[in-house]
Amino acid sequence: MPTYAKIVGLQNFGIPAHLLRLQVGPVGALCEGDCVNMNIGDRVRVKESVVFYHHPLHRNEAFDAKGLEGVVVQVLSDYQGRPISPNFPISVEFQVEGAKRPFKAHLRKDELELVAS
């Protein structure tokens, strides 16, 4: 089974993986524990205090999103067939009354909780 170092092409640079402090393991293991139970279309709620500065009705002001409910629109786990490990892998879309378009944000799994539909 291929490893991350082989896929990313680090061996082409002549740098040993142990010097880069990479965790070399089987492909697909990057997102196993983080993104498994979040699917596109799931309804979620922000359970922790998360501050955004790009909320459509509160531009350039601190806005705490705790309690907002939205829909998962994307779960990032690979880019062009290569596994990635994003810091904020779950893209959520929130409907905001009075805004021209939905408010989108990237969040971690531990900042969200599933809402029963």
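Quantities reported herein were computed from a predicted structural model and do not represent experimental measurements.

Q: Describe the overall build of the protein, with residues and values.
A: When helices and strands are tallied, the protein shows one helix and nine strands. Reading the protein from its N end, one meets helices and strands in the order α-β-β-β-β-β-β-β-β-β. Expressed as a percentage of the 117 residues in the protein, the buried residues total 27%. For the protein, the accessible area works out to roughly 8100 Å², and carbon and sulfur atoms hold 49% of it.

Q: Account for the sheet that holds strand β7 (residues 90-94), with residues named and values stated.
A: Pairing is antiparallel across the open sheet formed by five strands, whose spatial order is β8-β7-β4-β1-β9. Whereas interior strands pair on both sides, the edge strands pair on one side only; in this sheet they are β8 (103-107) and β9 (112-114). On average, each strand axis in the sheet is tilted by 40° relative to the strand beside it, whichever way the strands run. Examined bridge by bridge, β7 and β8 share five bridges and lie antiparallel to one another. Opposite Val-92, over in β8, you have Ala-105 as the bridge partner.

Q: Quick rundown of the side chain of His-55? Include the residues and the values.
A: The residue His-55 is located in the loop between β2 (51-52) and β3 (63-64) in this model. Here His-55 is in contact with Phe-63, Val-96 and Phe-103, once residues within four sequence places are set aside.

Q: Now, about the nonpolar core: what can you tell me, with residues and values included?
A: Formed by 16 residues in total, the largest nonpolar core has its most connected members in Phe-52, Val-92, Phe-94, Leu-107 and Leu-112. Every element with two or more residues in this core is listed here: β1 (43-46), β7 and β8. If near-sequence neighbours (up to four positions away) are discounted, Leu-107 is found in contact with Val-46, Val-50, Phe-52, Phe-88, Pro-89, Ile-90, Val-92, Phe-94 and Leu-112.

Conventions and cut-offs
Residues numbered from 1 in each chain as written. Predicted model: local features only at pLDDT ≥ 70, side-chain atom pairs only at ≥ 80, totals over all residues. Heavy atoms only, no water. Helix = DSSP H or I, 4+ residues; strand = E, 2+ residues; numbered from the N terminus. Buried < 20%, exposed > 50% of the residue type's maximum accessible area, 1.4 Å probe, protein only. Areas by Shrake-Rupley, 256 points an atom, 1.4 Å probe, with all protein chains shown as cover. Pairing = 2+ DSSP bridges. Axes fitted to C-alpha atoms, helices over the stretch in contact; angles between N-to-C directions. Contact = heavy atoms within 4.5 Å. Core = buried A, V, L, I, M, F, W, Y, C linked by side-chain atoms within 4.5 Å.

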